Amino acid sequence: MKKLIYLDNAATTKTRPEVVEAMLPYFTELYGNPSSVYEFSNPAKQAVAQARETIAASIGAKTNEIYFTGGGSESDNWALKATADAYKEKGNHIITSKIEHHAILHTCAYLEQHGFEVTYVDVDENGVLKLDELKKAIRPTTILISVMFANNEIGTIQPIKEIGEIAKEHGILFHTDAVQAYGHLPINVDEYHIDMMSASGHKINGPKGIGFCYIRTGVKIRSFVHGGAQERKRRAGTENVPGIVGFGKAAEIAMATLETRAKHEAELRDYLMDRVMAEIPYTRINGHRTNRLPNNANFSFQFVEGESLLIMLDGKGICGSSGSACTSGSLDPSHVLLAIGLPHEIAHGSLRLTLSEENTKEEMDFVVETIKAILDRLRGMSPLYEDFIKKQGK
C-alpha cells in the first residue's frame with residue numbers, strides 16, 4: 001500500500017487517540033442522560049460541565065456562554081437566523097463578506113428571501129476584508145456583522161479586532177465563524193469584541209458532529225432547535241456526551257500545543273510555498289503571504305484543471321483539495337478565488353494543501369516533486385499551454 005500523505009486538514013483532522021480514549025466510557029459505561037435526575041447520570045453531567053469550562057476558558061468566555069451544537073454549520077445558522085428573528089424590530093440589515101463559508105452565504109441567501117437585506121463586502125487581492133467598505137455599508141437598520149476569523153480556502157486571517165471595534169462603536173452585534181481559526185490561533189472574545197462565535201470539533205483533532213456557539217451574555221437570541229430544555233433552554237436535544245467530552249479534550253490539547261504546533265506547521269508551510277514558487281513557473285500563491293493560518297498553502301497553477309491535479313495526486317497517496325470540502329463536487333470555480341480577482345481559468349487550477357503537526361519536511365519534498373511531475377504531464381497535454389509557450393518564443 002502506498003504511503004498516505006494527508007494534506008487536507010482544513011476539511012477534517014484525525015481524531016487524537018487521547019480524545020477517543022476520553023470518549024469511550026461515555027458510550028458503554030457512563031452512558032446516562034445528563035439531563036436525568038438520578039445519580040447514574042451525574043458523571044455524564046459533570047463531564048459536559050468540565051468540557052464547557054475547558055472550552056470557555058480557551059476563548060476567555062464564561063461557561064454559561066458556551067452552547068454545544070452539532071457543528072460549525074449549525075452554529076452559523078443559529079447565530080444568523082436567531083439574531084435576525086430576535087432583532088427584526090430594530091432592523092433588517094446584515095453585513096458579511098464575499099468569501100464566507102457557504103454555511104454563512106447560504107444562510108444569508110435564505111434570510112434575503114425572508115425580507116432581510118444583506119451587504120456582501122469586498123476583499124482585496126489577498127482576501128482581506130476592506131474595512132472602509134464595511135464602515136460605508138453600515139446603516140441605521142444594521143443588526144449584525146458576520147465575518148469569518150480566517151478563510152477556509154486561502155487561509156487569510158481577517159482584521160477581527162478592528163471589525164469588532166467597528167461593530168461595538170455602532171451598537172451592532174458581531175459574529176465570527178472561527179471554525180478554521182479555533183485551536184490554531186489565539187482567540188479572546190473580549191479582546192476582539194466578539195458577541196457570537198462558531199467552532200467545530202473535527203477541525204482540531206476532535207470528533208465530527210460536535211461544535212459550539214459562543215453567545216455573549218445579554219445577546220437576546222432565541223432557540224434554533226426546539227424541543228427540550230437542554231443547553232439552558234436554548235438548544236434542544238439530548239446532549240452528545242461522548243462528542244462533547246471529545247471536543248473538550250481536543251480543545252485542551254489544542255490550547256496546550258498551539259504555539260509549538262503553529263510554529264512547526266508555519267515552517268513547513270513556508271518551505272512548501274517557497275519551493276513551489278521557486279521551481280514551478282506560472283504559479284501564484286492565493287491569500288496573504290504571511291498573515292494566514294499556519295497550516296494553509298493555496299496555489300493556482302495556470303493551464304491545468306484542479307480536479308485533474310487532485311486525482312493524480314491521489315494516485316500518489318497525497319490528499320489535497322481544490323477548495324472547501326463542502327464544494328469539492330462543484331464544477332464552478334471557488335467563489336473565494338473569484339472574489340480576490342482571479343479569472344475563471346486560473347481559479348480552476350487551484351490546489352489547497354493544509355498541514356498538520358505530523359507532516360514532515362521529507363513529505364513536503366515528495367509533494368513538490370510529485371506536483372512538478374504531474375504539472376509537466378498535464379501542461380504537456382494542454383493546447384492553451386502549447387499556444388502560450390509558442391507566443392513566448394516569438
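Notes on the structure follow.

1. Remarks on the sheet that holds strand β10 (residues 296-301)
Right, so step 1: What the 3 strands build is an open sheet, ordered β9-β10-β12; its pairing is antiparallel. Bordering the open sheet on either side are β9 (283-285) and β12 (350-354), each of which pairs with just one other strand. With direction set aside, neighbouring strand axes in the sheet form an average angle of 25°.
Right, so step 2: Sheet analysis places β9 next to β10, joined by 3 bridges and oriented antiparallel. When the sheet's bridge partners are listed, Thr-283 is paired in β10 with Phe-301.
Right, so step 3: Lying on the sheet, helix α9 (residues 241-279) is in contact with β9, β10 and β12; it crosses β10 at an angle near 15°.

2. What to know about the pairing of strand β4 (residues 117-121)
Right, so step 1: Pairing geometry for strand β3 (residues 93-97) and β4, over 5 bridges, is parallel. Its bridge partner lying in β4, Thr-96 is registered against Tyr-120.
Right, so step 2: Taken together, β3, helix α5 (residues 102-112) and β4 form a β-α-β motif whose crossover is right-handed.

3. Quick look at helix α7 (residues 160-169)
It helps to recall that an α-helix has 3.6 residues per turn; residues three or four apart then point in one direction.
Right, so step 1: For α7, the set of buried residues is Ile-160, Ile-163, Gly-164, Ile-166 and Ala-167. For α7, the arc enclosing every buried residue in end-on projection is 160°, short of the 170-degree limit, so these residues lie on one face. Exposed positions of α7 whose direction lies more than 90 degrees from the buried face are Lys-168 and Glu-169.
Right, so step 2: The inward-facing, buried residues of α7 contact α6 (131-137), β5 (142-146) and β6 (173-177).
Right, so step 3: Of the residues trailing α7, Gly-171 is marked for its positive phi of about 70°.

4. What about the packing of aromatic side chains?
Right, so step 1: Evaluation of the coordinates by the stated rule reveals 12 aromatic pairs.
Right, so step 2: On the basis of an interplanar angle of 85° and a centroid distance of 5.3 Å, the ring pair of Tyr-182 and Phe-212 is categorised as edge-to-face. Of this pair, Tyr-182 sits in the loop between β6 and β7 (196-200) while Phe-212 sits in strand β8 (residues 211-215); the two residues are 30 residues apart in sequence, bridging distant segments of the chain.
Right, so step 3: A relative accessible area of 2% places Tyr-182 in the buried class.
Right, so step 4: Classification of Phe-212 as buried rests on a relative accessible area of 0%.
Right, so step 5: With a centroid separation of 5.0 Å and 85° between ring planes, the pair formed by Tyr-282 and Phe-388 is classed as edge-to-face. Remark: Phe-388 occurs in helix α14 (residues 383-393) and Tyr-282 occurs in the loop between α9 and β9; sequence separation between them is 106 residues.

5. Quick look at unusual backbone geometry
Right, so step 1: A positive phi angle, near 55°, is found at His-193, a position not held by glycine.
Right, so step 2: Relative to the helices and strands, His-193 is located in the loop between β6 and β7.

6. Description of the pattern of salt bridges
Right, so step 1: With the rule as written, the count across this model stands at 24 salt bridges.
Right, so step 2: Close ionic contact of Glu-357 with Arg-16 constitutes a salt bridge, the shortest N to O distance being 2.3 Å. Pair noted here: Glu-357 is in the loop between β12 and α13 (361-380) and Arg-16 is in the loop between β1 (5-6) and α1 (17-23), with a separation of 341 residues, a long-range link.
Right, so step 3: Of the residues examined, Glu-357 reaches a relative accessible area of 32% and is grouped as partly exposed.
Right, so step 4: A residue is classified by how much of its surface remains accessible, and Arg-16, at 14% relative accessible area, is buried.
Right, so step 5: For Asp-85, the salt bridge is made with Lys-88, and the minimal N-O distance between the two is 3.2 Å.
Right, so step 6: Judged by its relative accessible area of 33%, Asp-85 is partly exposed.
Right, so step 7: What you see here is one network of salt bridges that share partners, running through Arg-275, Glu-279, Asp-365, Glu-369 and Lys-372.

7. Observations regarding the sheet that holds strand β2 (residues 66-69)
Right, so step 1: An order of β2-β8-β7-β6-β5-β3-β4 is seen for the 7 strands of this open sheet, with the pairing classed as mixed. Two strands lie at the open edges of the sheet, namely β2 and β4, each paired on one side alone. Each adjacent strand pair in this sheet contributes to an overall mean axis angle of 20°, direction not counted.
Right, so step 2: Where β2 lies against β8, 4 bridges are found, and the strand directions are antiparallel. When the sheet's bridge partners are listed, Tyr-67 is paired in β8 with Cys-213.
Right, so step 3: Running at roughly 145° to β4, α5 makes contact with β3, β4, β5 and β6 of the sheet.

Conventions we followed
- Residues numbered from 1 in each chain as written.
- Predicted model: local features only at pLDDT ≥ 70, side-chain atom pairs only at ≥ 80, totals over all residues.
- Heavy atoms only, no water.
- Pairing = 2+ DSSP bridges.
- Helix = DSSP H or I, 4+ residues; strand = E, 2+ residues; numbered from the N terminus.
- Axes fitted to C-alpha atoms, helices over the stretch in contact; angles between N-to-C directions.
- Contact = heavy atoms within 4.5 Å.
- Right-handed = clockwise from strand over helix to strand, strands pointing away.
- Buried < 20%, exposed > 50% of the residue type's maximum accessible area, 1.4 Å probe, protein only.
- Arc of directions from axis to C-beta.
- Phe/Tyr/Trp six-rings, centres within 6.5 Å; stacked < 30°, edge-to-face > 60°.
- Salt bridge = Lys/Arg side-chain N within 4 Å of Asp/Glu carboxyl O.

Shape is all these values report; function is a separate question.
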